[in-house]
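# Descriptive structure summary
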Amino acid sequence: MFHFGILLYLIAYKLILRQILKRLLLITTLAFTAHLQAETLELWSAFNGDVNHQIANHFEESTGHRVTTREFANGNIKAELLLAKQNRNYMPDLIFLPSDYLGLHEYIALNPLPSEWIEQAKLEETAIKSVQVHQEYMGLPLFLGNHLMLFYNKQLVQNPNHTWEQFFSYAIDHPDKQQLSFPAKDMYFFVAFMELFFQQKPLGQLDFTSQSMAQSLRFYRQLLSKLKIELECNSDCARSKFLNGEVPYLIDGDWAFESLNNTLGAQLGITNLPTYEGNAMQSLSGSKVIAVTKGAFQNPRKRELVQRFIQSMQDEAFLKRLSQKYQYISSFKQVNQEVFTASDELALAIYNEYLVAQPMPTTLRLSFVWEVLSRGFYRYFDGMPAKEVTLYMDTLVHQFESKIESSR
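All of the points below concern the structure found in this document. (Residues numbered from 1 in each chain as written. Predicted model: local features only at pLDDT ≥ 70, side-chain atom pairs only at ≥ 80, totals over all residues. Heavy atoms only, no water.)

Bringing the packing of helix α6 (residues 187-198) against helix α15 (residues 366-381) into the picture now. The contact between α6 and α15 brings their axes to 10 Å, and the two run at 85 degrees. Compared by their axis directions, α6 and α15 come out roughly perpendicular. The segment α6 lies against α15, with M187, Y188, F190, V191 and M194 engaging W370, L373, S374 and F377. (Axes fitted to C-alpha atoms, helices over the stretch in contact; angles between N-to-C directions. Helix = DSSP H or I, 4+ residues; strand = E, 2+ residues; numbered from the N terminus. Parallel < 35°, antiparallel > 145°, perpendicular 65-115°, else oblique. Contact = heavy atoms within 4.5 Å.)

As structure tokens, then:
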């Protein structure tokens with residue numbers, strides 16, 4: 001009887017213990033879920049505009065979680081991130097940034113994404129290249145582009161020029177007429193001209209002392225002089241000349257399409273950048289990337305939310321709506337095949353011009369190449385001989401590299 005009583009006691013004890021454990025599990029689950037529901041991700045964006053709100057709204061609608069967005073000017077967000085990392089200040093969970101910033105991943109505390117988070121087989125090949133650093137995915141490519149094209153006014157041009165020789169010939173016959181405008185001091189534009197002489201050599205590995213660099217500088221200055229392109233005319237100035245009918249041609253990026261199309265409509269034409277001596281110009285291209293900070297990735301609660309955010313940004317129906325609304329080139333092949341069709345001549349032209357552009361490298365070197373090019377450019381236009389300028393730029397490159405190495 002004694003043993004039977006003990007047995008009943010043990011059975012009752014197990015039942016009570018099981019109920020307690022179930023309640024504890026339920027309480028823990030509810031507490032974690034409530035905490036997760038209250039968790040909000042913070043996104044810093046280098047891009048202004050409605051697309052940030054579209055992204056935040058889509059995530060909230062599909063998951064119930066919120067994203068707060070803080071917008072920065074493109075040129076400022078890099079400094080903000082570098083300072084925040086260096087001084088161990090507050091960092092966001094997510095960053096929406098240009099792909100060429102990814103080379104700074106060590107200095108702005110980005111965490112590689114697990115490959116299983118990304119539907120790689122569905123991406124454009126160039127989209128994959130734009131986010132890979134040392135074979136790791138440093139972010140999710142969302143939109144592609146940032147490439148240059150030759151726009152023309154169909155009211156002023158019947159058969160658009162396809163070579164610089166044609167532009168030069170017209171300039172000789174019509175010395176008082178300006179044909180073309182573009183922001184000549186913008187190094188992103190200058191690099192496209194460099195491709196006439198470097199022939200697709202990756203920008204992150206350029207030999208600044210090469211003959212090709214000197215040829216690029218000389219040709220560029222001659223072109224600006226022959227075609228009467230003012231060095232001080234910035235992008236707004238160049239675009240205004242084109243929209244006002246002062247010039248029939250404009251070199252500009254895909255980012256300008258909306259404003260150009262709104263003004264010119266059916267009179268707007270798009271064609272390839274001109275060739276020279278049979279060599280093709282080649283614009284750079286990039287992608288707009290969602291990157292994840294180390295702090296968010298290493299926090300278990302945040303990491304789960306971040307993974308859900310990355311998944312929601314790969315919703316092809318959502319990406320298709322954005323592409324149709326803003327003429328964005330998606331990182332997903334199927335979306336582009338459905339959006340950029342022969343029925344929309346200009347949209348298809350933008351997509352085709354992207355396909356022949358050169359994806360920007362994601363090397364650390366690229367982060368200071370722009371400064372090197374700009375300083376050399378100004379020295380050359382101030383009168384320094386091209387050969388000396390190339391040596392000066394090479395010296396600057398090594399100085400920047402030494403500073404970075406010493407800061408590691």
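Most of strand β10 (residues 249-253) sits inside the fold, with five of its five residues counted as buried. Along β10, one buried face is formed by Y249, I251 and G253 and the opposite face, lined by L250 and D252, is buried too. Here strand β8 (residues 148-153) pairs with β10 via five bridges, running antiparallel. Bridging across to β10, L148 finds its partner in G253. Inspection of the sheet shows strand β9 (residues 180-181) paired to β10 by two bridges, in the parallel sense. Counted as the bridge partner of L180 is Y249 from β10. (Buried < 20%, exposed > 50% of the residue type's maximum accessible area, 1.4 Å probe, protein only. Pairing = 2+ DSSP bridges.)

Below, the discussion takes up the state of the cysteines. Per the stated rule, a full pass over the model turns up one disulfide. At a sulfur-sulfur separation of 1.9 Å, the disulfide partner of C233 is C237. The S-S bond linking C233 to C237 shows a torsion near -100 degrees; that makes this disulfide left-handed. For C233, a relative accessible area of 6% gives the class buried. Among the residues examined, C237 registers a relative accessible area of 28% and is labelled partly exposed. (Disulfide = S-S within 2.5 Å.)

Moving on: the packing of aromatic side chains. Scanning the model with the defined rule gives 26 aromatic pairs in all. Above the plane of the ring of W44 lies R70, whose end atom (NZ or CZ) is 5.2 Å from the centre. (Phe/Tyr/Trp six-rings, centres within 6.5 Å; stacked < 30°, edge-to-face > 60°. Lys NZ or Arg CZ within 6 Å of the ring centre and 35° of its normal.)

Put simply, α6 and helix α7 (residues 211-226) touch, their axes get as near as 9 Å, and they point 125 degrees apart. With respect to their mutual orientation, α6 and α7 come out oblique. The crossing of α6 and α7 is right-handed. Here F190, F193, M194, L196, F197 and F198 of α6 lie close against α7, whose contacting residues are S212, M213, Q215, S216, L217, F219, Y220 and L223. Counted by class, the contact of α6 with α7 contains 11 nonpolar, three polar and no charged residues. (Left-handed = near helix turned anticlockwise from the far one by under 90°. Nonpolar A, V, L, I, M, F, W, Y, C, P; charged D, E, K, R; others polar.)

Okay, helix α12 (residues 316-326) next. Among the residues of α12, F318, L319, L322, S323 and Y326 are the ones counted as buried. In an axial view of α12, the angular spread of the buried residues amounts to 135 degrees, which keeps them on one side of the axis. On the buried face of α12, the contacting elements are α2 (51-63), β7 (140-145), α11 (300-312), β15 (329-330) and α13 (333-339). Of the residues that open α12, the one with a side-chain oxygen 3.1 Å from the backbone nitrogen of A317 is D315. (Arc of directions from axis to C-beta. Polar contact = N/O pair within 3.5 Å; in protein donor to acceptor, adjacent residues only side chain to side chain.)

Moving on, we come to unusual backbone geometry. Positioned with a positive phi, K228 is a non-glycine residue whose angle comes to about 55 degrees. Tracing the backbone shows K228 in the loop between α7 and α8 (235-243). In this structure, Q327 takes a positive phi of about 60 degrees despite not being glycine. Mapped onto the secondary structure, Q327 falls in the loop between α12 and β15. Q327 gets classed as partly exposed once you look at its relative accessible area, which sits at 21%.

Everything listed is a geometric property; what it means functionally is a separate question.
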